[in-house]
Amino acid sequence: MSGSAHSTVLSGARVVLPTGTVANGRVIVDGDRISGRASEGARVVDLSGHWVVPGFVDMHNHGGGGASFTSGTAEEVLKGVRTHREHGTTTLVASTVTGDLDELARRAGLLAELTQQGEIAGIHFEGPFINACRKGAHKAELLRDPDPAEVRKLIDAAHGAARMFTLATELPGGLDSVRLLAEHGVIAAIGHTDATYEQTRAAIDAGATVATHLFNAMPGLAHREPGPIAALLEDERITVELINDGTHLHPAALELAFHHAGAHRVALITDAMDAAGFGDGTYHLGPLEVEVKDGVARLVEGGSIAGSTLTLDTAFKRSVTVDKLPVESVVQAISANPAKLIGCYDEIGSLEPGKYADLVVLDAEFDVRGVMRRGEWVVSPPVQRGV
């Protein structure tokens, strides 16, 4: 701890803790950590009328601020990271897209360095081990069946920073690749898949623990062929990713997932691409050209949805105001659950003494009014007074 010179007390807000919401609560920050005791002479920030929630954790994100995590330089990646931080995402896993295997390995090296520097929380490989008939915004010519040796190559290239692989586990080599990932402590996520219900069950039994953007890029739920959605929703071992931007999911689908899986098994993600926090225009997602119009990203060729322009503050606000979900459930899905999945819950994901001082200040309308990361304001709150 750094002592009272850097101590701050955030007071008067509704504070969301793992045990529930405390009205007129306070969060004590000492250096880069949350403290259990305020030092004499600590600076007070009056946040009456606001909410204080844990910093958001995005485990599936391809870019933002006009910058790409899939192809940009280290400086460009940091630009995207900063954009999302300004919207409350204090922890972010950088996602790749399908590409040449050697190029993905080189990309992993760059992202691993940023992980070691603490700028990102690791790497998510989305493709190339996915099903061509559910490819979405992935280049078909570069897709391949999951090969445990090739999966291992990317794990090694990530130098300990690999957090998750999205796989079509029904393809040849899929189950063996899931087992390999589980052995190495890397999340095996089922996605961009054409699997049956039974094939999905087999992948879960082999060690898969996440559903990549549930409902999207997979067969729909049918009464005689329930497919992957039913298997993923019913199994307590699976956390389901949801993109709550009003485009990827109908509100009824979101409600179904929260109701059936429970808030403890949902991770709200962005699946963001370069245009998040930046604006309409023409972009690239890996080797594919994307047009963003009215905030919706689609491939120029074919028109498939190509990620999103979502930021997690928008997902939070929509979940509470449009979908009428309890604030505590949204906090669980947007902070605690993803932090647990990527192995960081001992440091982030909730407002508890000893953890990093990563938090978001929201006003009564659930708009961001302050963002703190590791004890430093990324976005300063509007009301401050010293005592």
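Residues numbered from 1 in each chain as written. Predicted model: local features only at pLDDT ≥ 70, side-chain atom pairs only at ≥ 80, totals over all residues. Heavy atoms only, no water.

By the naming in an unreviewed UniProt entry, the protein chain goes by N-acetylglucosamine-6-phosphate deacetylase and is assigned to Streptomyces subrutilus. Database annotation for the protein chain, UniProt heading Catalytic activity (unreviewed entry): "N-acetyl-D-glucosamine 6-phosphate + H2O = D-glucosamine 6-phosphate + acetate". (UniProt positions renumbered as here; feature names shortened; annotations may be inferred.)

Engineer: Outline the sheet that holds strand E16 (residues 281–285), supporting the account with residue identities and numerical values.
Structural biologist: In spatial order, the strands read E16-E17-E18; together these three strands make up an open sheet with antiparallel pairing. Taken across any chain shown, the strands that pair with only one partner, and hence form the sheet edges, are E16 and strand E18 (296–299). Mean inter-strand twist for the sheet, computed between neighbouring axes without regard to direction, equals 35°. Relative to E18, strand E17 (residues 288–293) runs antiparallel, the two being bridged by four bridges. Residue pairing in the sheet places Val292 in a bridge with Ala297 of E18. (Pairing = 2+ DSSP bridges. Helix = DSSP H or I, 4+ residues; strand = E, 2+ residues; numbered from the N terminus. Axes fitted to C-alpha atoms, helices over the stretch in contact; angles between N-to-C directions.)

Engineer: I'd like a description of the sheet that holds strand E9 (residues 89–95), backed by residues and values.
Structural biologist: The parallel open sheet is built from eight strands, whose spatial order is E6-E9-E10-E11-E12-E13-E14-E15. Edge positions in the sheet fall to strand E6 (56–61) and strand E15 (266–269), since each has one partner strand and no second. The pairing of strand E13 (residues 210–211) with strand E14 (residues 239–243) spans two bridges and is parallel. Among the inter-strand pairings, Ala211 is bridged to a residue of E14, identified as Val240. Sheet strands in contact with helix H8 (residues 312–321) are E6, E9 and E15, and its direction is about 110° off that of E6. (Contact = heavy atoms within 4.5 Å.)

Engineer: Give a description of the UniProt feature "active site" (unreviewed entry) in the protein chain that names residues and reports values.
Structural biologist: When the UniProt feature table is mapped onto this chain, "active site" (unreviewed entry) is found at Asp271. By secondary structure assignment, the location of Asp271 is in the loop between E15 and E16. Not counting chain neighbours up to four residues away, the residues in contact with Asp271 comprise His60, His62, Glu126, His213, Ile243, Gly307 and Ser308. A distance of 3.0 Å separates the side chain of Asp271 from the side chain of His62, its partner in a polar contact. (Polar contact = N/O pair within 3.5 Å; in protein donor to acceptor, adjacent residues only side chain to side chain.)

Engineer: Provide a residue-level description of empty space enclosed by the protein, including the pertinent values.
Structural biologist: Unfilled space is identified by rolling a water-sized probe across the atoms. Overall, the coordinates contain one cavity of 30 Å³ or more when judged by the stated rule. Empty space within the largest cavity amounts to approximately 40 Å³. Looking at the largest cavity, the residues that line it are Pro54, Gly55, Thr90, Glu347, Ile348, Gly349, Ser350, Tyr356 and Asp358. Among the residues forming the lining of the largest cavity, the class breakdown is three nonpolar, four polar and two charged. (1 Å grid on protein atoms, 1.4 Å probe; cavity = no way out; pocket = protein on both sides within 12 Å on 5 of 7 lines; lining within 4 Å. Points joined across faces, edges and corners; volume = space filled by probe spheres on them. Nonpolar A, V, L, I, M, F, W, Y, C, P; charged D, E, K, R; others polar.)

Engineer: How would you explain the packing of helix H2 (residues 101–116) against helix H3 (residues 148–157) if you had to name every residue and give the values?
Structural biologist: Where H2 meets H3, the closest approach of the two axes is 8 Å, and the angle between their N-to-C directions is 25°. Comparing their axes, H3 and H2 come out roughly parallel. Regarding H2 and H3, the two cross each other, and that crossing is right-handed. Each of Leu101, Asp102, Leu104, Ala105, Ala108 and Gly109 in H2 lies in contact with H3, whose residues at this interface are Glu150, Lys153, Leu154 and Ala157. A per-class count over the contact of H2 with H3 returns six nonpolar, one polar and three charged. (Parallel < 35°, antiparallel > 145°, perpendicular 65-115°, else oblique. Left-handed = near helix turned anticlockwise from the far one by under 90°.)

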